[in-house]
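# Observations on the three-dimensional arrangement
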Amino acid sequence: MIKIATAFDSGGGWNEAVSWALEAEQLGVESVWTAEAWGFDAVSPLAYLAGKTSRVKLGTSIMQAGTRTPAAVAMTALTLQSLSEGRFILGLGNSGPQVIEGWHGVRFDRPVQRLREIVEIVRMACSGERVTYAGKVYQLPLPGGEGRALKVSAPPAHVPIYLATLGPKSLEVTGEIADGWLASSFTAGNSKPLLDSIRRGAERAGRDFNAIEKQAGGVVQFGDDLDSLIAPRKPGFAFEIGAMGSPEHNFYKDAYVMQGFAEAANRVQSLWLERKRAEAAAAVPDELVIKANLLGTEAMVKDRIRAYRDAGITSISVSPAGETLAERVETLGRFMQLVQGVNAE
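Residues numbered from 1 in each chain as written. Predicted model: local features only at pLDDT ≥ 70, side-chain atom pairs only at ≥ 80, totals over all residues. Heavy atoms only, no water.

### Some remarks on the packing of aromatic side chains
Put simply, the test is: Aromatic pairs are defined between Phe, Tyr and Trp rings, using the six-membered ring for Trp, whenever the two ring centres lie within 6.5 Å; interplanar angles under 30 degrees are classed as stacked, those over 60 as edge-to-face, and all others as tilted. When a residue's accessible area, from a 1.4 Å probe over protein chains only, is under 20% of the maximum for its type it is buried; when over 50% it is exposed; and in between it is partly exposed. Strands are runs of DSSP state E lasting at least two residues, helices are runs of H or I lasting at least four, and both sets are numbered from the N terminus onward.
For the structure shown, the criterion picks out eight aromatic pairs. Centroid distance Phe8 to Trp14: 5.8 Å. Interplanar angle 45°. Geometry classified as tilted. With relative accessibility at 3%, the residue Phe8 sits in the buried group. By relative accessible area, Trp14 is classed as partly exposed at 33%. Consider the rings of Phe186 and Tyr308, whose centres lie 5.9 Å apart with planes at 25°: the pair is stacked. Placement of Phe186 in the loop between β9 (180-182) and α7 (192-204) and of Tyr308 in helix α14 (residues 298-311) is noted, with a sequence separation of 122 residues between them. Neither Phe186 nor Tyr308 differs from the other in exposure class; each is buried. Connected via pairs of aromatic rings, a cluster forms that spans Phe8, Trp14 and Phe40.

### Concerning the nonpolar core
Definition in use: Among buried residues, the Ala, Val, Leu, Ile, Met, Phe, Trp, Tyr and Cys ones that are joined through side-chain atoms within 4.5 Å form a nonpolar core. Contact between two residues is taken to exist if any of their heavy atoms lie within 4.5 Å; hydrogens are not considered.
Grouped together as the largest cluster of nonpolar side chains are 39 residues, with contacts concentrated most on Phe8, Phe88, Leu90, Leu92, Val122, Ile161 and Leu163. At the level of elements, α1 (14-27), α2 (44-50), α3 (70-83), β5 (88-93), α5 (111-126), β8 (161-164) and α6 (168-177) are the ones that each hand at least two residues to this core. Contacts of Leu92, omitting those with residues within four sequence positions, involve Ile62, Met63, Val73, Leu115, Ile118, Val119, Ile161, Tyr162, Leu163 and Ala164. Leu171, Ala183, Ala216 and Val339 belong to the second-largest nonpolar core, a separate cluster that totals 34 residues.

### Description of the environment of Glu85
Within the secondary structure layout, Glu85 lies in the loop between α3 and β5. C-alpha of Glu85 to C-alpha of Gly51: the two residues are 34 residues apart in sequence and 10.0 Å apart in space.

### With respect to the packing of α14 against helix α15 (residues 325-343)
The condition is simple: Here an axis means a line fitted to C-alpha atoms, over the contact stretch when the element is a helix, while the angle between two N-to-C directions is reported on a 0 to 180 degree scale. For classification purposes, angles smaller than 35 degrees are called roughly parallel, those larger than 145 roughly antiparallel, those between 65 and 115 roughly perpendicular, and all remaining angles oblique. Two helices crossing with the near one rotated counterclockwise from the far one by less than a right angle form a left-handed crossing, whereas a clockwise rotation gives a right-handed crossing.
The N-to-C vectors of α14 and α15 enclose an angle of 55°; their axes lie 10 Å apart at closest approach. Taken together, the axis directions place α14 and α15 in an arrangement best described as oblique. Handedness of the crossing formed by α14 with α15: right-handed. Contact with α14, carried on its side by Glu298, Val301, Lys302, Ile305, Arg306 and Arg309, involves Arg334, Phe335, Leu338, Val339, Gly341 and Val342 of α15 and no other residues of that element.

### What about α1?
The line we're drawing: Multiplying one less than the number of residues by 1.5 Å gives the expected span of a helix. Along the arc lie the directions from the helix axis toward the C-beta atoms.
Compared with the 20 Å implied by 1.5 Å per residue over 14 residues, the 20 Å span of α1 between its first and last C-alpha is a close match. Along α1, the residues classified as buried are Ala17, Val18, Trp20, Ala21, Ala24 and Glu25. Along the axis of α1, the buried residues cluster in a sector spanning 155°; they form a single face. Exposed residues on α1 whose side chains face more than 90 degrees from its buried face are Asn15 and Gln26. Looking at the buried positions of α1, the neighbouring elements they touch are β1 (3-7), α2, β12 (315-320) and α15. Phi for Gly28, located one or two positions after α1, is positive at around 100°.

### Focus: the packing of α5 against α6
Remark: α5 packs on α6, axes separated minimally by 10 Å, with the N-to-C direction vectors making an angle of 20°. Here α6 runs roughly parallel to α5, going by the angle between their axes. When the axes of α5 and α6 are compared, the crossing they make is right-handed. From α5, Val112, Arg116, Val119 and Arg123 reach across to α6, where they touch Lys169, Ser170, Val173, Glu176 and Ile177.

### Digging into the environment of Thr60
Definition in use: Between N or O atoms, a polar contact is any pair within 3.5 Å; within protein, one atom must be a potential hydrogen donor and the other a potential acceptor, and residues adjacent in sequence are included only when both atoms are from side chains.
Take Thr60: it is sitting in strand β3 (residues 57-60). Separated by 19 residues in sequence, Thr60 and Asp41 have C-alpha atoms that sit 9.6 Å apart. Leave out the neighbours within four places in its chain, and Thr60 touches Trp33, Thr34, Ala42, Leu46, Phe88, Ile89, Leu90, Gly91 and Leu182. Engagement of the side chain of Thr60 in a polar contact is seen with the backbone nitrogen of Gly91, the distance being 2.8 Å.

### Topic: the pattern of salt bridges
The criterion, for reference: Salt bridges are defined as contacts in which a side-chain nitrogen from Lys or Arg sits within 4 Å of a carboxyl oxygen from Asp or Glu.
Across all of its chains, the model carries 22 salt bridges by this definition. The salt bridge involving Glu287 is made with Lys291; its shortest N-O contact spans 2.8 Å. Residue Glu287 and its partner Lys291 are located together in helix α13 (residues 286-291), separated by four residues, close to a single helical turn. With its nearest N and O atoms 3.0 Å apart, the salt bridge here joins Arg309 to Asp310. Of the residues examined, Arg309 reaches a relative accessible area of 32% and is grouped as partly exposed. Taking the relative accessible area as the measure of exposure, Asp310 reaches 58% and is therefore exposed. When salt bridges that share partners are traced, they join Arg116, Glu172, Glu176, Arg200 and Arg204 into one network.

Structural data, given as C-alpha cells:
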C-alpha cells in the first residue's frame, strides 16, 4: 500500500506551514518532513510541530551528517522521539562538499564511512548501551584522554533511521543498515540501477530488501495541457543538475546519469557552468520532468502513482502545486483520492 509524505517548510511563513501540516494530517498523509541546507535547521521546526499534531509522523529529510557529533545526533533524536511520543524518523544524508566545507568548515572526507559510523553510534546510544566505538572516523571515548564511556541518561527509544543516498556505494550502505531510503533525483521507470544498489547491500547484510522503506516523489499538478505543466519545472532541474554540487562532485547529476539520462545531464551541466541558464533549462528532457513528478490529468497522475508503486516505492513524497494554501490543500485532497483508488486495485 502506497503511503504519502509531504514537506514542512517556512516558504509561506510558519503559521501557514503549520496549517499545511494539520491539513495534511487530516487528509491522511502519513509523514511530514523538514530539510536543512544553510538556512533554518531541520530539527527545531519538528519540535514545534510535535506539539501541534497528534498522528502524523515527523522526519528530517535530511539532517546533515558530519555537522553534529554522533552523540549530539542521538540526543536530538531521543528528544524528538520523546516530544512526538514515538512519531520521529531520523533522516540523515551527507549533503556535499560545497555546504559541508564551505558552511560548516568540516572536511568532506570519507562521507560513506562517516555516515555508516554515525548510524552505528546513534543506534548504540539510543538503545541505552554504554557507547564505546573504534571506527575509522570516530573513536569513543577518545584514546589517550580523560573521556569516559557513557550511557545516555534519557530513556532509550527505538528511532527509525532513513538515509538519503545517491551514489552506488552509499546506496549499498543504505541497503545494509538503514530502515528506509530517502530518494532524490529519482525517475520512476528508470530507477532500477539505484534500487539494485540498495538490493545488493541488503543481500550482503542478509536483510530483506522489501522490508526497507523507500520514499521518492515530486510535484503534483493537475491539468489537461501537459506541456504547460512541464515547462515551468525545467529550471529547477537545471539548477539541480548544474548548481547543486561542484563540477567534480555533483551527486544529483550522477544519479540522473545512472538512470539513463547521461547525455542530457552532461549537456545541462555544461550549459549551466557556462552561465547559459535558459539554454540549460531548455535542455532538460520532457521525459525526465514527467518521470520525476506527478503531472497531468487525473488519469495521468494515477498512472504515475502506479509507476512509483511498481518501481518499489512505499511512500510518495509530494509537493502539491498551488498559489495559495487552499489551492495546495485542494490538490492534495484530489491526489489522496487517487492514491486510495490505486491502493484498492
